[in-house]
Amino acid sequence: MKFYFSLIAAILCVSCQSKKDVSIFITNISIVDVKNGEIISDQFVAIQGDSILEVGDQSLKVKYQSNFTINGDGKFLLPGLWDNHVHFGGAEYIDENEQLLPLYLAFGVTTVRDAAGDISLEVLKWRDEINQGKRIGPKILTSGPKLEGINSIWPGDLEIGTVTELEAALDSLEKLKVDFIKITDNTLKPELFLEAVKQATERGWSVSGHIPTALTIDQVSKAGQKTVEHLGYLMRMTTPFEEEISIARGNDTMNATDAAKLQSESRDDSVALTKFKQLAAQGTGVVPTLLISSNIAYLEEKYFQGDTILNYLGPKLKESYQWRIQRMANDTPEDKQNRKDSFEAIANLIPLVKESGMKIYAGTDAGYLNTYDYPGLAIHLELQLLVKYGLTPREALEASIINGPEYFGLEKDFGSVQKGKKANLLILNQNPLENIEATLDIQDVLKDGQLLDRIKLNQILAEIKAWVAKKENG
Ligand SMILES: [Zn+2]
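As the structure is a computational prediction, the values presented were derived from the model and not from experiment.

## What about the overall build of the chain?
Looking only at helices and strands, the chain features 18 helices and 20 strands. For the chain, whose C-alpha radius of gyration is 24 Å, the value lies close to the compact-globule estimate of 23 Å for 474 residues. The C-alpha extent of the chain, read off along each of the three principal axes, is 100 × 55 × 45 Å. Put simply, the chain has 474 residues, and 46% of those count as buried. Sequence separation of 24 or more characterises 75% of the internal contacts of the chain that already satisfy a separation of 6 or more.

Here it is in C-alpha coordinates:
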(Lines give C-alpha, C1' and ligand atoms only; values in the text may rest on other atoms or scores of the structure.)
Protein backbone atom coordinates (compact mmCIF):
# COMPACT_ATOMS: atom_id res chain seq x y z
CA MET A 1 0.00 0.00 0.00
CA LYS A 2 2.71 2.32 1.02
CA PHE A 3 4.57 1.39 -2.18
CA TYR A 4 1.59 2.37 -4.37
CA PHE A 5 1.22 5.59 -2.50
CA SER A 6 4.73 6.65 -3.12
CA LEU A 7 4.50 5.48 -6.73
CA ILE A 8 1.39 7.59 -7.30
CA ALA A 9 3.04 10.46 -5.52
CA ALA A 10 6.05 10.07 -7.76
CA ILE A 11 3.91 10.02 -10.92
CA LEU A 12 1.92 13.01 -9.76
CA CYS A 13 5.09 14.74 -8.91
CA VAL A 14 6.49 14.27 -12.40
CA SER A 15 3.46 15.77 -14.10
CA CYS A 16 2.72 18.49 -11.60
CA GLN A 17 6.34 19.17 -10.85
CA SER A 18 7.01 22.74 -11.76
CA LYS A 19 7.36 22.57 -15.51
CA LYS A 20 8.91 25.79 -16.61
CA ASP A 21 6.78 27.98 -18.85
CA VAL A 22 8.70 29.12 -21.89
CA SER A 23 7.77 31.46 -24.75
CA ILE A 24 8.00 28.76 -27.42
CA PHE A 25 8.61 25.02 -27.23
CA ILE A 26 9.55 23.14 -30.40
CA THR A 27 9.09 19.38 -30.27
CA ASN A 28 10.46 16.40 -32.26
CA ILE A 29 12.32 18.47 -34.80
CA SER A 30 15.41 17.67 -36.89
CA ILE A 31 18.15 20.22 -36.25
CA VAL A 32 20.41 21.03 -39.17
CA ASP A 33 23.97 21.16 -37.83
CA VAL A 34 25.43 23.31 -40.59
CA LYS A 35 28.99 23.23 -39.21
CA ASN A 36 29.24 19.45 -39.22
CA GLY A 37 26.79 18.74 -42.01
CA GLU A 38 24.63 16.52 -39.83
CA ILE A 39 20.96 16.17 -39.06
CA ILE A 40 20.21 15.67 -35.37
CA SER A 41 16.74 14.18 -35.22
CA ASP A 42 14.07 14.20 -32.51
CA GLN A 43 15.21 17.35 -30.80
CA PHE A 44 13.34 19.64 -28.42
CA VAL A 45 14.04 23.35 -28.25
CA ALA A 46 12.94 25.70 -25.47
CA ILE A 47 12.90 29.37 -26.38
CA GLN A 48 12.62 32.07 -23.76
CA GLY A 49 12.36 35.70 -24.85
CA ASP A 50 14.70 36.30 -27.76
CA SER A 51 17.07 33.40 -27.05
CA ILE A 52 17.36 29.63 -27.05
CA LEU A 53 17.12 28.46 -23.45
CA GLU A 54 17.89 24.79 -24.01
CA VAL A 55 18.20 22.18 -26.74
CA GLY A 56 18.00 18.46 -26.06
CA ASP A 57 16.22 15.14 -26.42
CA GLN A 58 12.74 14.22 -25.18
CA SER A 59 13.80 14.58 -21.56
CA LEU A 60 13.05 18.27 -22.09
CA LYS A 61 9.35 17.38 -22.31
CA VAL A 62 9.13 17.08 -18.53
CA LYS A 63 11.03 20.30 -17.99
CA TYR A 64 9.20 22.76 -20.21
CA GLN A 65 5.74 23.73 -21.35
CA SER A 66 4.49 26.56 -23.50
CA ASN A 67 1.32 28.09 -24.87
CA PHE A 68 3.17 28.13 -28.17
CA THR A 69 4.26 24.61 -28.96
CA ILE A 70 5.47 23.90 -32.47
CA ASN A 71 5.19 20.31 -33.64
CA GLY A 72 8.47 19.87 -35.47
CA ASP A 73 7.77 16.34 -36.68
CA GLY A 74 9.16 15.95 -40.21
CA LYS A 75 10.58 19.48 -40.18
CA PHE A 76 14.08 20.94 -40.17
CA LEU A 77 15.37 23.69 -37.89
CA LEU A 78 18.34 25.91 -38.66
CA PRO A 79 19.43 29.50 -38.05
CA GLY A 80 17.76 32.15 -40.19
CA LEU A 81 19.55 33.13 -43.38
CA TRP A 82 22.07 35.97 -43.60
CA ASP A 83 22.28 37.97 -46.80
CA ASN A 84 25.77 39.38 -46.42
CA HIS A 85 25.55 42.05 -49.11
CA VAL A 86 22.40 44.08 -49.69
CA HIS A 87 21.63 47.73 -50.39
CA PHE A 88 18.91 49.97 -49.12
CA GLY A 89 18.75 53.11 -51.19
CA GLY A 90 16.88 55.54 -53.37
CA ALA A 91 16.26 58.75 -51.45
CA GLU A 92 13.02 59.39 -53.40
CA TYR A 93 11.48 56.06 -52.41
CA ILE A 94 12.42 55.42 -48.81
CA ASP A 95 8.91 54.04 -48.24
CA GLU A 96 9.55 51.30 -50.81
CA ASN A 97 12.76 50.35 -49.01
CA GLU A 98 10.82 50.16 -45.78
CA GLN A 99 8.58 47.49 -47.32
CA LEU A 100 11.67 45.34 -47.89
CA LEU A 101 12.07 44.81 -44.15
CA PRO A 102 9.08 42.48 -43.71
CA LEU A 103 9.81 41.02 -47.16
CA TYR A 104 13.23 39.82 -45.99
CA LEU A 105 11.65 38.10 -43.00
CA ALA A 106 9.00 36.47 -45.17
CA PHE A 107 11.85 34.83 -47.09
CA GLY A 108 13.56 33.59 -43.94
CA VAL A 109 16.31 36.22 -44.02
CA THR A 110 16.81 37.21 -40.38
CA THR A 111 19.98 39.30 -40.90
CA VAL A 112 21.15 41.58 -43.69
CA ARG A 113 24.53 43.22 -44.06
CA ASP A 114 23.81 46.57 -45.71
CA ALA A 115 26.77 47.62 -47.84
CA ALA A 116 25.89 51.32 -48.16
CA GLY A 117 23.48 53.44 -50.17
CA ASP A 118 22.11 56.95 -50.05
CA ILE A 119 19.65 56.60 -47.15
CA SER A 120 22.08 55.67 -44.38
CA LEU A 121 20.36 57.64 -41.63
CA GLU A 122 17.04 55.87 -42.25
CA VAL A 123 18.77 52.49 -42.30
CA LEU A 124 20.51 53.25 -38.99
CA LYS A 125 17.14 54.31 -37.53
CA TRP A 126 15.48 51.09 -38.76
CA ARG A 127 18.37 49.07 -37.36
CA ASP A 128 17.89 50.56 -33.91
CA GLU A 129 14.09 50.28 -34.00
CA ILE A 130 14.31 46.62 -35.01
CA ASN A 131 16.84 45.93 -32.26
CA GLN A 132 14.52 47.60 -29.74
CA GLY A 133 11.56 45.49 -30.91
CA LYS A 134 9.69 48.54 -32.21
CA ARG A 135 9.64 47.42 -35.82
CA ILE A 136 9.61 44.06 -37.56
CA GLY A 137 12.44 43.30 -39.93
CA PRO A 138 15.72 41.46 -40.23
CA LYS A 139 18.61 42.34 -37.98
CA ILE A 140 20.47 45.06 -39.90
CA LEU A 141 24.24 45.40 -39.79
CA THR A 142 25.16 48.45 -41.80
CA SER A 143 28.26 50.22 -43.03
CA GLY A 144 26.44 53.54 -43.04
CA PRO A 145 27.78 55.81 -45.80
CA LYS A 146 30.78 54.32 -47.56
CA LEU A 147 34.15 55.98 -47.99
CA GLU A 148 34.98 57.36 -51.41
CA GLY A 149 37.07 60.02 -53.12
CA ILE A 150 35.92 63.53 -53.96
CA ASN A 151 33.03 63.78 -56.45
CA SER A 152 32.35 60.04 -56.64
CA ILE A 153 29.50 58.90 -58.88
CA TRP A 154 27.58 57.48 -55.93
CA PRO A 155 25.23 59.73 -53.96
CA GLY A 156 25.47 59.44 -50.18
CA ASP A 157 29.20 58.68 -49.88
CA LEU A 158 31.57 60.19 -47.31
CA GLU A 159 34.06 61.82 -49.66
CA ILE A 160 37.67 62.14 -48.58
CA GLY A 161 40.74 63.61 -50.29
CA THR A 162 43.29 63.71 -47.46
CA VAL A 163 44.34 61.75 -44.38
CA THR A 164 42.83 64.47 -42.17
CA GLU A 165 39.51 64.08 -43.96
CA LEU A 166 39.79 60.32 -43.59
CA GLU A 167 40.22 60.64 -39.83
CA ALA A 168 37.27 63.01 -39.58
CA ALA A 169 35.16 60.61 -41.66
CA LEU A 170 36.04 57.69 -39.39
CA ASP A 171 35.21 59.83 -36.35
CA SER A 172 31.78 60.55 -37.80
CA LEU A 173 31.20 56.85 -38.58
CA GLU A 174 32.06 56.07 -34.96
CA LYS A 175 29.42 58.56 -33.86
CA LEU A 176 26.89 56.87 -36.14
CA LYS A 177 27.84 53.52 -34.55
CA VAL A 178 28.12 51.79 -37.91
CA ASP A 179 28.74 48.04 -37.84
CA PHE A 180 31.50 47.81 -40.45
CA ILE A 181 33.26 49.94 -43.04
CA LYS A 182 32.73 49.87 -46.79
CA ILE A 183 35.23 51.49 -49.13
CA THR A 184 35.00 51.84 -52.91
CA ASP A 185 37.36 53.25 -55.49
CA ASN A 186 35.48 55.37 -57.97
CA THR A 187 37.57 58.48 -57.25
CA LEU A 188 39.41 57.49 -54.07
CA LYS A 189 43.18 57.66 -54.54
CA PRO A 190 44.91 54.27 -54.12
CA GLU A 191 47.25 55.44 -51.32
CA LEU A 192 44.35 56.92 -49.41
CA PHE A 193 42.33 53.75 -50.03
CA LEU A 194 45.07 51.68 -48.36
CA GLU A 195 45.33 54.16 -45.50
CA ALA A 196 41.54 54.02 -45.02
CA VAL A 197 41.60 50.21 -44.83
CA LYS A 198 44.46 50.35 -42.33
CA GLN A 199 42.93 52.99 -40.05
CA ALA A 200 39.42 51.53 -40.08
CA THR A 201 40.85 48.11 -39.23
CA GLU A 202 42.91 49.62 -36.40
CA ARG A 203 39.75 51.16 -34.99
CA GLY A 204 38.28 47.68 -34.70
CA TRP A 205 35.93 47.49 -37.67
CA SER A 206 35.79 44.77 -40.28
CA VAL A 207 36.46 46.42 -43.62
CA SER A 208 34.90 45.48 -46.94
CA GLY A 209 35.31 46.96 -50.34
CA HIS A 210 36.10 46.98 -54.00
CA ILE A 211 39.75 47.00 -55.15
CA PRO A 212 41.38 49.94 -56.98
CA THR A 213 42.99 48.96 -60.30
CA ALA A 214 46.31 50.45 -59.18
CA LEU A 215 46.61 48.07 -56.20
CA THR A 216 47.11 44.34 -55.96
CA ILE A 217 44.60 42.42 -53.89
CA ASP A 218 47.44 41.30 -51.65
CA GLN A 219 48.29 44.93 -50.79
CA VAL A 220 44.70 45.58 -49.76
CA SER A 221 44.58 42.32 -47.82
CA LYS A 222 47.81 43.12 -45.98
CA ALA A 223 46.33 46.51 -45.02
CA GLY A 224 43.60 44.52 -43.25
CA GLN A 225 40.64 44.33 -45.65
CA LYS A 226 38.47 41.46 -44.48
CA THR A 227 36.34 40.99 -47.57
CA VAL A 228 36.64 41.59 -51.26
CA GLU A 229 33.12 42.39 -52.44
CA HIS A 230 32.41 40.68 -55.79
CA LEU A 231 34.33 37.64 -56.99
CA GLY A 232 35.26 39.36 -60.26
CA TYR A 233 38.08 41.25 -58.54
CA LEU A 234 39.87 37.98 -57.84
CA MET A 235 40.27 37.39 -61.60
CA ARG A 236 43.24 39.75 -61.37
CA MET A 237 45.05 37.22 -59.24
CA THR A 238 44.90 34.56 -61.94
CA THR A 239 47.86 36.05 -63.81
CA PRO A 240 51.52 36.05 -62.76
CA PHE A 241 51.57 39.68 -64.00
CA GLU A 242 49.11 41.09 -61.46
CA GLU A 243 51.66 43.44 -59.93
CA GLU A 244 52.98 44.68 -63.30
CA ILE A 245 49.41 45.30 -64.47
CA SER A 246 48.44 47.19 -61.31
CA ILE A 247 51.51 49.43 -61.58
CA ALA A 248 50.88 50.10 -65.27
CA ARG A 249 47.21 50.83 -64.59
CA GLY A 250 48.24 53.13 -61.74
CA ASN A 251 50.53 55.26 -63.89
CA ASP A 252 48.21 55.07 -66.91
CA THR A 253 50.58 53.22 -69.21
CA MET A 254 48.08 50.42 -69.79
CA ASN A 255 44.36 50.70 -70.56
CA ALA A 256 41.62 48.44 -69.23
CA THR A 257 41.23 46.47 -72.45
CA ASP A 258 44.93 45.63 -72.72
CA ALA A 259 45.05 44.73 -69.03
CA ALA A 260 42.11 42.35 -69.43
CA LYS A 261 43.72 40.82 -72.52
CA LEU A 262 47.08 40.21 -70.82
CA GLN A 263 45.28 38.88 -67.78
CA SER A 264 43.24 36.30 -69.68
CA GLU A 265 46.09 35.25 -72.00
CA SER A 266 48.40 34.59 -69.06
CA ARG A 267 45.81 32.89 -66.83
CA ASP A 268 47.39 30.28 -64.61
CA ASP A 269 45.23 28.63 -61.98
CA SER A 270 48.19 27.41 -59.95
CA VAL A 271 49.27 31.05 -59.57
CA ALA A 272 45.75 31.95 -58.51
CA LEU A 273 45.59 29.14 -55.95
CA THR A 274 48.89 30.17 -54.35
CA LYS A 275 47.72 33.77 -54.08
CA PHE A 276 44.28 32.83 -52.77
CA LYS A 277 45.98 30.75 -50.06
CA GLN A 278 47.97 33.81 -49.09
CA LEU A 279 44.74 35.83 -48.76
CA ALA A 280 43.20 33.05 -46.68
CA ALA A 281 46.21 33.08 -44.34
CA GLN A 282 45.85 36.86 -43.98
CA GLY A 283 42.16 36.50 -43.08
CA THR A 284 40.72 38.01 -46.25
CA GLY A 285 37.56 36.42 -47.63
CA VAL A 286 35.25 37.10 -50.54
CA VAL A 287 31.57 37.90 -51.06
CA PRO A 288 31.06 36.51 -54.58
CA THR A 289 27.65 38.16 -55.34
CA LEU A 290 27.16 35.70 -58.21
CA LEU A 291 23.48 36.47 -58.62
CA ILE A 292 23.80 40.05 -59.85
CA SER A 293 26.57 39.05 -62.29
CA SER A 294 24.45 36.18 -63.55
CA ASN A 295 21.42 38.43 -63.98
CA ILE A 296 23.46 40.83 -66.09
CA ALA A 297 25.18 38.08 -68.08
CA TYR A 298 21.92 36.36 -68.95
CA LEU A 299 19.66 39.42 -69.14
CA GLU A 300 18.40 38.52 -72.63
CA GLU A 301 18.01 34.81 -71.95
CA LYS A 302 15.94 35.02 -68.81
CA TYR A 303 12.38 36.23 -68.72
CA PHE A 304 12.60 38.26 -65.53
CA GLN A 305 9.47 40.25 -66.38
CA GLY A 306 7.39 37.20 -65.50
CA ASP A 307 8.78 36.86 -61.97
CA THR A 308 5.88 37.02 -59.54
CA ILE A 309 8.06 38.57 -56.85
CA LEU A 310 7.92 41.80 -58.88
CA ASN A 311 4.43 42.23 -57.36
CA TYR A 312 6.12 42.69 -53.98
CA LEU A 313 8.55 45.43 -54.99
CA GLY A 314 7.71 49.10 -55.25
CA PRO A 315 7.46 50.80 -58.67
CA LYS A 316 10.41 53.19 -58.25
CA LEU A 317 12.67 50.44 -57.00
CA LYS A 318 11.80 48.39 -60.09
CA GLU A 319 12.33 51.44 -62.27
CA SER A 320 15.86 51.70 -60.88
CA TYR A 321 16.67 48.40 -62.63
CA GLN A 322 16.49 50.23 -65.94
CA TRP A 323 19.86 51.96 -65.80
CA ARG A 324 21.75 48.71 -66.33
CA ILE A 325 19.23 47.46 -68.87
CA GLN A 326 19.57 50.65 -70.91
CA ARG A 327 23.34 50.52 -70.63
CA MET A 328 23.24 47.13 -72.34
CA ALA A 329 20.45 47.90 -74.80
CA ASN A 330 22.80 48.42 -77.74
CA ASP A 331 25.09 45.50 -76.99
CA THR A 332 26.22 43.60 -80.08
CA PRO A 333 25.96 39.79 -80.17
CA GLU A 334 29.66 39.78 -79.37
CA ASP A 335 29.15 41.98 -76.29
CA LYS A 336 26.40 39.67 -75.13
CA GLN A 337 28.61 36.62 -75.54
CA ASN A 338 31.43 38.40 -73.68
CA ARG A 339 29.12 39.06 -70.77
CA LYS A 340 28.31 35.38 -70.46
CA ASP A 341 31.89 34.21 -70.96
CA SER A 342 33.11 36.67 -68.37
CA PHE A 343 30.51 35.55 -65.82
CA GLU A 344 31.30 31.87 -66.37
CA ALA A 345 35.05 32.51 -65.99
CA ILE A 346 34.45 34.37 -62.73
CA ALA A 347 31.97 31.85 -61.29
CA ASN A 348 34.36 29.03 -62.14
CA LEU A 349 36.82 30.48 -59.64
CA ILE A 350 34.63 29.15 -56.81
CA PRO A 351 36.35 25.71 -56.62
CA LEU A 352 39.77 27.41 -56.45
CA VAL A 353 38.61 29.80 -53.74
CA LYS A 354 37.18 26.87 -51.81
CA GLU A 355 40.39 24.86 -52.17
CA SER A 356 42.45 27.80 -50.93
CA GLY A 357 40.55 27.99 -47.65
CA MET A 358 39.41 31.58 -48.20
CA LYS A 359 36.18 32.31 -46.40
CA ILE A 360 33.18 32.77 -48.66
CA TYR A 361 30.35 35.00 -47.46
CA ALA A 362 27.02 34.55 -49.22
CA GLY A 363 25.67 37.94 -50.25
CA THR A 364 23.62 39.07 -53.20
CA ASP A 365 23.81 42.82 -53.89
CA ALA A 366 19.99 42.80 -53.65
CA GLY A 367 18.23 46.13 -53.56
CA TYR A 368 17.80 49.22 -55.67
CA LEU A 369 19.71 49.62 -58.96
CA ASN A 370 20.73 45.97 -59.07
CA THR A 371 18.66 44.56 -61.84
CA TYR A 372 16.21 41.76 -60.91
CA ASP A 373 18.22 41.07 -57.77
CA TYR A 374 15.20 40.64 -55.54
CA PRO A 375 15.50 41.34 -51.80
CA GLY A 376 14.56 38.25 -49.82
CA LEU A 377 14.48 35.79 -52.68
CA ALA A 378 18.00 36.69 -53.80
CA ILE A 379 19.93 34.86 -51.08
CA HIS A 380 18.16 31.60 -51.92
CA LEU A 381 19.19 31.97 -55.57
CA GLU A 382 22.74 32.95 -54.54
CA LEU A 383 23.02 29.75 -52.47
CA GLN A 384 21.80 27.76 -55.47
CA LEU A 385 24.45 29.41 -57.67
CA LEU A 386 27.19 28.73 -55.11
CA VAL A 387 26.18 25.06 -55.21
CA LYS A 388 25.98 25.05 -59.00
CA TYR A 389 29.56 26.34 -59.22
CA GLY A 390 31.16 24.06 -56.66
CA LEU A 391 30.09 24.37 -53.04
CA THR A 392 28.13 21.63 -51.29
CA PRO A 393 24.77 22.68 -49.84
CA ARG A 394 26.42 22.57 -46.41
CA GLU A 395 29.18 24.91 -47.53
CA ALA A 396 26.70 27.28 -49.14
CA LEU A 397 24.67 27.44 -45.91
CA GLU A 398 27.87 27.97 -43.93
CA ALA A 399 28.72 30.93 -46.19
CA SER A 400 25.44 32.54 -45.19
CA ILE A 401 24.68 31.42 -41.64
CA ILE A 402 28.09 30.82 -40.03
CA ASN A 403 30.47 33.12 -41.90
CA GLY A 404 28.00 36.02 -41.72
CA PRO A 405 28.20 36.30 -37.91
CA GLU A 406 31.93 35.56 -37.94
CA TYR A 407 32.51 38.72 -40.01
CA PHE A 408 31.20 40.79 -37.10
CA GLY A 409 32.58 38.67 -34.26
CA LEU A 410 29.01 37.65 -33.39
CA GLU A 411 29.60 33.88 -33.27
CA LYS A 412 28.52 33.79 -29.64
CA ASP A 413 24.96 34.83 -30.53
CA PHE A 414 24.44 33.37 -34.00
CA GLY A 415 25.45 30.57 -36.35
CA SER A 416 23.85 27.48 -34.83
CA VAL A 417 20.83 26.12 -32.96
CA GLN A 418 22.35 25.92 -29.50
CA LYS A 419 21.67 27.03 -25.96
CA GLY A 420 22.27 30.73 -25.47
CA LYS A 421 22.06 31.68 -29.15
CA LYS A 422 19.53 34.18 -30.42
CA ALA A 423 16.24 32.67 -31.52
CA ASN A 424 16.54 33.82 -35.14
CA LEU A 425 15.50 30.59 -36.77
CA LEU A 426 14.04 28.98 -39.83
CA ILE A 427 11.83 25.90 -39.94
CA LEU A 428 11.84 24.14 -43.31
CA ASN A 429 9.72 21.31 -44.69
CA GLN A 430 12.69 19.63 -46.38
CA ASN A 431 16.33 18.92 -45.61
CA PRO A 432 18.51 21.70 -47.08
CA LEU A 433 21.70 19.61 -46.76
CA GLU A 434 20.25 17.27 -49.39
CA ASN A 435 18.81 19.90 -51.67
CA ILE A 436 19.68 23.57 -51.33
CA GLU A 437 16.37 24.57 -52.92
CA ALA A 438 14.73 23.40 -49.69
CA THR A 439 15.58 26.80 -48.17
CA LEU A 440 12.57 28.13 -50.08
CA ASP A 441 10.19 25.61 -48.51
CA ILE A 442 9.63 27.69 -45.37
CA GLN A 443 7.17 26.68 -42.68
CA ASP A 444 8.01 29.16 -39.91
CA VAL A 445 10.42 31.98 -39.20
CA LEU A 446 11.46 33.09 -35.74
CA LYS A 447 12.96 36.53 -35.30
CA ASP A 448 14.23 37.47 -31.83
CA GLY A 449 11.98 34.76 -30.47
CA GLN A 450 8.90 36.10 -32.25
CA LEU A 451 7.10 33.37 -34.17
CA LEU A 452 6.02 34.10 -37.74
CA ASP A 453 4.23 30.95 -38.79
CA ARG A 454 3.18 30.15 -42.36
CA ILE A 455 -0.17 31.87 -41.89
CA LYS A 456 1.49 35.02 -40.55
CA LEU A 457 4.15 34.93 -43.31
CA ASN A 458 1.44 34.70 -45.96
CA GLN A 459 -0.36 37.61 -44.32
CA ILE A 460 2.84 39.69 -44.36
CA LEU A 461 3.31 38.91 -48.05
CA ALA A 462 -0.30 39.80 -48.84
CA GLU A 463 0.08 43.12 -47.05
CA ILE A 464 3.24 44.01 -49.00
CA LYS A 465 1.56 43.04 -52.26
CA ALA A 466 -1.47 45.18 -51.46
CA TRP A 467 0.80 48.11 -50.53
CA VAL A 468 2.66 47.82 -53.84
CA ALA A 469 -0.58 47.52 -55.86
CA LYS A 470 -1.92 50.66 -54.23
CA LYS A 471 1.34 52.49 -54.89
CA GLU A 472 1.31 51.45 -58.55
CA ASN A 473 -2.27 52.54 -59.09
CA GLY A 474 -2.06 55.67 -57.06
ZN1 LIG B 1 26.90 46.14 -53.65
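## Digging into the sheet that holds strand β17 (residues 366-367)
Strands sit in the order β10-β9-β8-β17 across an open sheet of four strands; the sheet is parallel. At either end of the open sheet lies a strand with only one pairing partner, and these are β10 (139-142) and β17. Bridging between strand β8 (residues 81-87) and strand β9 (residues 109-114) involves four bridges; their strand directions are parallel. Bridge pairing in β9 links Val-86 to Asp-114.

## Regarding the domain arrangement of the chain
The domain architecture assigned to the chain consists of domain 1 (19-78 + 419-473) and domain 2 (81-407). A separation of 30 Å is found between the C-alpha centroids of domain 1 and domain 2. In this complex, domain 1 contributes 27 residues to the contact, which on the side of domain 2 involves 27 residues. Those elements that provide at least two residues to the side of domain 1 that touches domain 2 are β19 (442-447) and α18 (454-473). Residues that form the side of domain 1 that touches domain 2 fall into these classes: 16 nonpolar, four polar and seven charged.

## Description of helix α11 (residues 290-297)
Counting buried positions along α11 gives eight out of eight residues, so the element sits mostly inside the fold. By the burial criterion, the buried members of α11 are Leu-290, Leu-291, Ile-292, Ser-293, Ser-294, Asn-295, Ile-296 and Ala-297. In the core, the buried residues of α11 are packed alongside α13 (322-327), α14 (333-347) and α16 (378-388).

## Re unusual backbone geometry
Even without being glycine, Tyr-372 reaches a positive phi, approximately 55°. The buried category is assigned to Tyr-372, around which 25 C-beta atoms lie within 10 Å. If you check the backbone angles, Asp-448 has positive phi at about 50° while not being a glycine. Position of Asp-448 relative to the elements: it lies in the loop between β19 and β20 (450-452).

Definitions and cut-offs
Residues numbered from 1 in each chain as written. Predicted model: local features only at pLDDT ≥ 70, side-chain atom pairs only at ≥ 80, totals over all residues. Helix = DSSP H or I, 4+ residues; strand = E, 2+ residues; numbered from the N terminus. Rg over C-alpha atoms; globule rule 2.2 N^0.38 Å. Buried ≥ 20, exposed ≤ 12 C-beta atoms within 10 Å, placed from the backbone. Contact = placed C-beta atoms within 7 Å. Pairing = 2+ DSSP bridges. Domains from an automatic or database assignment. Nonpolar A, V, L, I, M, F, W, Y, C, P; charged D, E, K, R; others polar.

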